[in-house]
There are 2 protein chains.
Amino acid sequence: MAFDSQIDEHTVRTDSKPPLGDSSGPSPKKILLASLAGCTGIDVVSLLEKMRVPITNLEIDTEADLTEEHPKVFSEIRIIYRVFGKDLKKKKIEKAINLSKDKYCGVSAMLAANSPIKYMIEYVEE
Amino acid sequence: MAFDSQIDEHTVRTDSKPPLGDSSGPSPKKILLASLAGCTGIDVVSLLEKMRVPITNLEIDTEADLTEEHPKVFSEIRIIYRVFGKDLKKKKIEKAINLSKDKYCGVSAMLAANSPIKYMIEYVEE
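Calculation criteria
- Residues numbered from 1 in each chain as written.
- Chains lettered and ligands numbered in written order.
- Predicted model: local features only at pLDDT ≥ 70, side-chain atom pairs only at ≥ 80, totals over all residues.
- Heavy atoms only, no water.
- Pairing = 2+ DSSP bridges.
- Helix = DSSP H or I, 4+ residues; strand = E, 2+ residues; numbered from the N terminus.
- Axes fitted to C-alpha atoms, helices over the stretch in contact; angles between N-to-C directions.
- Contact = heavy atoms within 4.5 Å.
- Expected span 1.5 Å × (residues − 1).
- Buried < 20%, exposed > 50% of the residue type's maximum accessible area, 1.4 Å probe, protein only.
- Buried area = accessible area lost by both parts, 1.4 Å probe.
- Salt bridge = Lys/Arg side-chain N within 4 Å of Asp/Glu carboxyl O.
- Polar contact = N/O pair within 3.5 Å; in protein donor to acceptor, adjacent residues only side chain to side chain.
- Least-squares fit on C-alpha atoms with pLDDT ≥ 70 in both.
- Parallel < 35°, antiparallel > 145°, perpendicular 65-115°, else oblique.
- Left-handed = near helix turned anticlockwise from the far one by under 90°.
- Nonpolar A, V, L, I, M, F, W, Y, C, P; charged D, E, K, R; others polar.
- Disulfide = S-S within 2.5 Å.

### A word on the sheet that holds strand S4 (residues 74-85) of chain B
By way of backbone hydrogen bonds, the strands of a sheet pair with one another, either parallel or antiparallel.
Residues and elements named next belong to chain B.
At step 1: What the 3 strands build is an open sheet, ordered S3-S4-S5; its pairing is mixed. The open sheet terminates on both sides in strands that have one partner only, identified here as strand S3 (57-66) and strand S5 (117-125). The sheet shows a mean angle of 15° between the axes of neighbouring strands, taken without regard to direction.
At step 2: In this structure, S4 lies alongside S5, joined through 9 bridges in parallel fashion. Counterpart to tyrosine 81 in the pairing with S5 is isoleucine 121.
At step 3: On top of the sheet, helix H1 (residues 28-50) reaches S3 and S4; it is set at about 145° to S3, its chief contact.
At step 4: Strands S4 and S5 of the sheet are contacted by helix H2 (residues 90-104), whose axis makes an angle of about 150° with S5.

### Quick word on helix H1 (residues 28-50) of chain A
Residues and elements named next belong to chain A.
At step 1: For H1, spanning 23 residues, the distance from its first C-alpha to its last is 33 Å, which sits close to the expected 33 Å at 1.5 Å a residue.
At step 2: Among the 23 residues of H1, 20 are classified as buried, and the element is accordingly described as predominantly covered.
At step 3: Just downstream of H1, arginine 52 is the residue with a positive phi angle, here 55°.

### Things to note about the interface of chain A and chain B
At step 1: Residue-level contacts link 50 residues of chain A with 50 residues of chain B.
At step 2: Here chain A packs against chain B, burying approximately 4,000 Å² in sum over the two surfaces, 77% of which is carbon and sulfur.
At step 3: Ranking the residues of chain A by area buried against chain B places Phe3, Ile42 and Met110 of chain A at the top, with a combined share of 18%.
At step 4: Here lysine 30 of chain B and aspartate 8 of chain A are joined by a salt bridge, their closest N and O atoms 2.9 Å apart.
At step 5: At the junction of chain A and chain B, the tally comes to 6 residue pairs in polar contact (both at pLDDT 80 or more).
At step 6: Of all the elements in the fold, those that place two or more residues in the side of chain A that touches chain B are strand S1 (3-7), strand S2 (10-14), H1, strand S3 (57-66), helix H2 (90-104) and helix H3 (106-112) of chain A.
At step 7: Looking at the side of chain A that touches chain B, the element that brings in the most residues is H1 of chain A, giving 14 residues.

### Observations concerning the relation of the copies chain A and chain B
At step 1: With an RMSD of 0.0 Å, chain A superimposes on chain B once it is rotated by 180° and translated 0.0 Å along the axis. Taken together, these values place the two copies in the relation of a two-fold axis.
At step 2: In this assembly, 100% of the residues forming the interface of chain A have copies in chain B that are likewise at the interface, indicating an isologous arrangement.

### Here we look at the packing of H1 of chain B against H2 of chain B
All names here are of chain B.
At step 1: Direction vectors running N to C along H1 and H2 enclose 130°, while the axes themselves pass 9 Å from each other. In terms of axis orientation, H1 runs oblique to H2. The crossing of H1 and H2 is right-handed. Of the residues in H2, those touching H1 at Thr40, Asp43, Val44, Leu47 and Leu48 are Lys92, Ile93, Ala96, Ile97, Leu99, Ser100 and Tyr104.
At step 2: Partitioning the contact of H1 with H2 into residue classes produces 8 nonpolar, 2 polar and 2 charged.

### Here we look at the state of the cysteines
All names here are of chain A.
At step 1: By the definition in use, this model includes 2 disulfides over all chains.
At step 2: Here cysteine 39 pairs with cysteine 105 through a disulfide, and the sulfurs are 2.4 Å apart. Taken together, the residues span a long stretch of sequence, with cysteine 39 in helix H1 and cysteine 105 in the loop between H2 and H3 at a distance of 66 residues. Residue cysteine 39 shares its accessibility class with cysteine 105, and that shared class is buried.

Written out as structure tokens, the structure reads:
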């Protein structure tokens, strides 16, 4: 049940949990959430750089609820942005996240066609 | 611009191409297609096992066209299944792929809400 995806010079493995697979890679649905986190993360970091808003780190948690019935899809997705830094400019950070949500992040735009996405921000002052 | 996604015990890195990133991992949108391939691949392999249809290998190519405008989303996705084996039972293989498409693959169900998906099958007799 393991699939090695060749993407340019990279390989990404997906697999299922036992008994179907061997857990030799994450499940496709979890990789989908990693794609979402990577997409909006790239947007937010590059927008904050353009806006000259310094942060020291950005962590993104993604969570999703699955429907009970086949095909099992995300009934809701939650993205939690955890922004680290000193004297964080919350208004501008919120603006960058909204720009990713509304304008730039193609992955969230695609997933939002099927699944409502909730956005949360946590600030960690250092 | 690189994000390491911790998924259970696995790490999946996404990154952007230069000048934005360093290409240290595949782009989020390409990972999305890997998720799609892994999802339908697991379905097809497990369905063919249940149907006692032997194959020696399954390769899946995924391609997508992007819209020009932001947010850049897939205007069309194409999945090409390349099935390897001897005396391949095409009707049953087609049935397994249709079951994945219509019933089991949550990733394709989610993506199809935004992007039309085309399915193609190639048979490689060995």
